[in-house]
Amino acid sequence: MSVNGIHHVTAIAGDPQENVDFYAGILGLRLVKRTVNFDDPLTYHLYYGTEMGAPGTILTFFAWPNAFAGRAGSGQVNATALSVPKGSLGWWRERFESLRVTYDLPVKRFGEEVLPFRDPDGMQLELIAGDDGRPAWKGGPVPEEHAIRGVHSISAHEEGYEMTAHLLTETLLFTQAGQEGNRFRYQAGAGGAGSIIDVLCTPDGPRGRGGAGGVHHIAWRVPNDADQLAWRKTLVSAAMNVSPVLDRQYFHSIYFREPGGVLFEIATDEPGFATDEPKESLGESLKLPPWLEGAREQIEAGLEPVTLPQ
């Protein structure tokens, strides 16, 4: 079996309140966890998703105020697509116009309608209208019939795609699902929304640069720790430089860079976001891992307060 699809996408933001206003307010996602970057505890790590933050629905952000802007280019994920029901793009265009969200005209890709738009930091996002049986969050400001179901796919730009394609198909056991021009589509498991990576071959494009508005890494999902350790062994055998297993409180993670330079993570579905607060109040207060609790006062003093939109 391949990995089971996308677990989450992590990006870099600037102002944390702008980030909350956009993703929880305009896009209608639920802020399921308000914590800090465990490697930089004076920085927020904000998690958005559907009601319980199910794997495959999660967008996360490291919020660094006054961060330099990133630059799209090769070696990066340059677009993150979110899944909405068929027939919803007209409603979303009206919402974007009324709320002054920058968007482009819809296009067709692999037979599906795609609406490109950007967040306040310039991050390239897309809405893709199609069949997606995952449930939406019913408690947000977006009507359920139009609400986001989760991550649909990501688009990674590569100077040359062949070595990345080999890793995806021969090591991670993805299947190639199509090609349109220089865009090569691969999918994990049974395929469909939440399982897709598009690799774009862009040999003449600039090299990407990390920063606000850029994706930091893409995480693929596995059910549990045992599967993750098996995948780590497989990746080491394939000459990947893989990190040790790291405890992210709500999942466990290993990291490695694919041949084109994109940072990949393999994350476990377990234990989830309800381990340290009730599901009814997810994301309402700052949660810290046990090893940072002793520094809570200092951490809270260094973070700009954020409030959820009404």
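Here the structure is a predicted model, which means the values were calculated and not measured. (Residues numbered from 1 in each chain as written. Predicted model: local features only at pLDDT ≥ 70, side-chain atom pairs only at ≥ 80, totals over all residues. Heavy atoms only, no water.)

J.: Whenever I open this one, the overall build of the protein chain confuses me. Can you help?
T.: If you tally the helices and strands in the protein chain, you get 5 helices and 16 strands. For 310 residues, the compact-globule estimate of 2.2 N^0.38 gives 19 Å, and the protein chain sits close to it at 18 Å. Dimensions of the protein chain, computed from C-alpha atoms along their principal axes, come out at roughly 50 × 45 × 35 Å. By the burial criterion, 55% of the 310 residues in the protein chain qualify as buried. When contacts within the protein chain are restricted to residue pairs at least 6 apart in sequence, those whose partners lie at least 24 apart make up 67%. Accessible surface, the protein chain: about 13,300 Å² in total, of which carbon and sulfur atoms supply 51%. Taken as two groups, the 26 positive and 40 negative side-chain charges of the protein chain have centres that lie 2 Å from each other. (Helix = DSSP H or I, 4+ residues; strand = E, 2+ residues; numbered from the N terminus. Rg over C-alpha atoms; globule rule 2.2 N^0.38 Å. Buried < 20%, exposed > 50% of the residue type's maximum accessible area, 1.4 Å probe, protein only. Contact = heavy atoms within 4.5 Å. Areas by Shrake-Rupley, 256 points an atom, 1.4 Å probe, with all protein chains shown as cover. Lys, Arg positive; Asp, Glu negative; His and termini not counted. Charge placed at Lys NZ, Arg CZ, Asp CG, Glu CD.)

J.: Can you help me understand the sheet that holds strand β15 (residues 252–257) in this one?
T.: Backbone hydrogen bonds are what pair the strands of a sheet, in a parallel or an antiparallel way. Taking strand neighbours across the sheet as the criterion, the 8 strands line up as β2-β3-β4-β1-β13-β16-β15-β14 in an open arrangement whose pairing is mixed. For this open sheet the edge positions go to β2 (30–37) and β14 (246–247), each flanked by a neighbour on one side alone. (Pairing = 2+ DSSP bridges.)

J.: Hey, could you run me through the packing of aromatic side chains in this one?
T.: The description of two aromatic rings rests on the distance between their centres and on the angle between their planes. For the structure shown, the criterion picks out 19 aromatic pairs. With centroids separated by 5.0 Å and ring planes inclined at 75°, the aromatic side chains of phenylalanine 22 and tyrosine 23 adopt a geometry described as edge-to-face. The exposure class of tyrosine 23 is buried, given its relative accessible area of 0%. Plain terms: the ring middles of phenylalanine 62 and tryptophan 64 are 5.7 Å apart, the flat faces sit at 50° to each other, and that makes the pair tilted. By relative accessible area, tryptophan 64 is classed as partly exposed at 27%. (Phe/Tyr/Trp six-rings, centres within 6.5 Å; stacked < 30°, edge-to-face > 60°.)

J.: Looking at this structure, I do not really get helix α2 (residues 89–98). What am I missing?
T.: Every buried residue of α2 is accounted for by Leu89, Trp92, Arg95 and Phe96. Axial view of α2: buried residues confined to an arc of 115°, hence all on one face. Of the exposed residues in α2, the ones pointing more than 90 degrees away from its buried face are Glu94 and Ser98. Next to the buried residues of α2 lie α1 (16–26), β5 (76–85), β7 (112–118) and β8 (124–130). Of the residues one or two after α2, arginine 100 is the one with positive phi, at around 60°. (Arc of directions from axis to C-beta.)

J.: Looking at this structure, I do not really get the sheet that holds strand β12 (residues 196–201). What am I missing?
T.: Taken in spatial order, the 8 strands line up as β6-β7-β8-β5-β9-β12-β11-β10 in an open sheet, and their pairing is mixed. One side of each edge strand has no neighbouring strand; the edge strands of this open sheet are β6 (107–109) and β10 (175–180). Each strand of the sheet is rotated relative to its neighbour by a mean of 30°, with strand direction disregarded. Here β7 runs beside β8; their pairing, made up of 6 bridges, is antiparallel. By the bridge assignment, valine 114 is partnered in β8 with isoleucine 128. (Axes fitted to C-alpha atoms, helices over the stretch in contact; angles between N-to-C directions.)

J.: Help me out: how do you make sense of the pattern of salt bridges in this one?
T.: All chains considered together, the criterion is met by 11 salt bridges. In this structure, the salt-bridge partner of aspartate 198 is arginine 183, at a minimum N-O distance of 3.0 Å. With aspartate 198 in strand β12 and arginine 183 in strand β11 (residues 183–187), the pair connects residues that are 15 residues apart, well separated along the chain. Exposure remark for aspartate 198: the relative accessible area of 0% places this residue in the buried category. Classification of arginine 183 by relative accessible area gives buried; the value is 12%. Its salt-bridge partner being aspartate 269, residue arginine 221 comes within 2.8 Å of it at the nearest N-O pair. Here arginine 221, found in strand β13 (residues 215–222), pairs with aspartate 269, found in the loop between β16 (263–268) and α5 (296–302); they are 48 residues apart in sequence, far enough to count as distant. Via salt bridges that share partners, Lys33, Asp276 and Glu277 belong to a single interconnected network. (Salt bridge = Lys/Arg side-chain N within 4 Å of Asp/Glu carboxyl O.)

J.: Sorry if this is basic, but what is going on with the environment of leucine 127 here?
T.: Among the secondary structure elements, leucine 127 is positioned in strand β8. In this structure leucine 127 comes out as buried when scored by relative accessible area, which is 0%. Apart from residues lying up to four places away in sequence, leucine 127 is in contact with Leu82, Val84, Leu89, Trp92, Phe96, Glu113, Val114, Leu115, Phe117 and Ile148.

J.: It is not clear to me how the nonpolar core should be interpreted in this structure. Could you clarify?
T.: It is characteristic of soluble globular proteins that their nonpolar side chains tend to be buried jointly. Of all hydrophobic cores here, the largest spans 72 residues; its most connected members are Tyr23, Leu27, Phe96, Leu127, Ile197 and Phe264. For this core, the element with the highest residue contribution is α1, accounting for 5 residues. In this structure, Tyr250, Phe251, Phe273 and Leu282 belong to the second largest nonpolar core, which totals 9 residues. (Core = buried A, V, L, I, M, F, W, Y, C linked by side-chain atoms within 4.5 Å.)

J.: Would you mind going over the pairing of β7 with me for this structure?
T.: Each regular strand shows side chains that alternate between the opposite faces of the sheet. Summarising the sheet, β6 and β7 pair through 3 bridges and their orientation is antiparallel. The partner of lysine 108 across the bridge, within β7, is glutamate 113. In textbook terms, the turn of a hairpin is the stretch between consecutive antiparallel strands, and for β7 and β8 this stretch comprises 5 residues, one of which, glycine 122, has a positive phi near 85°.

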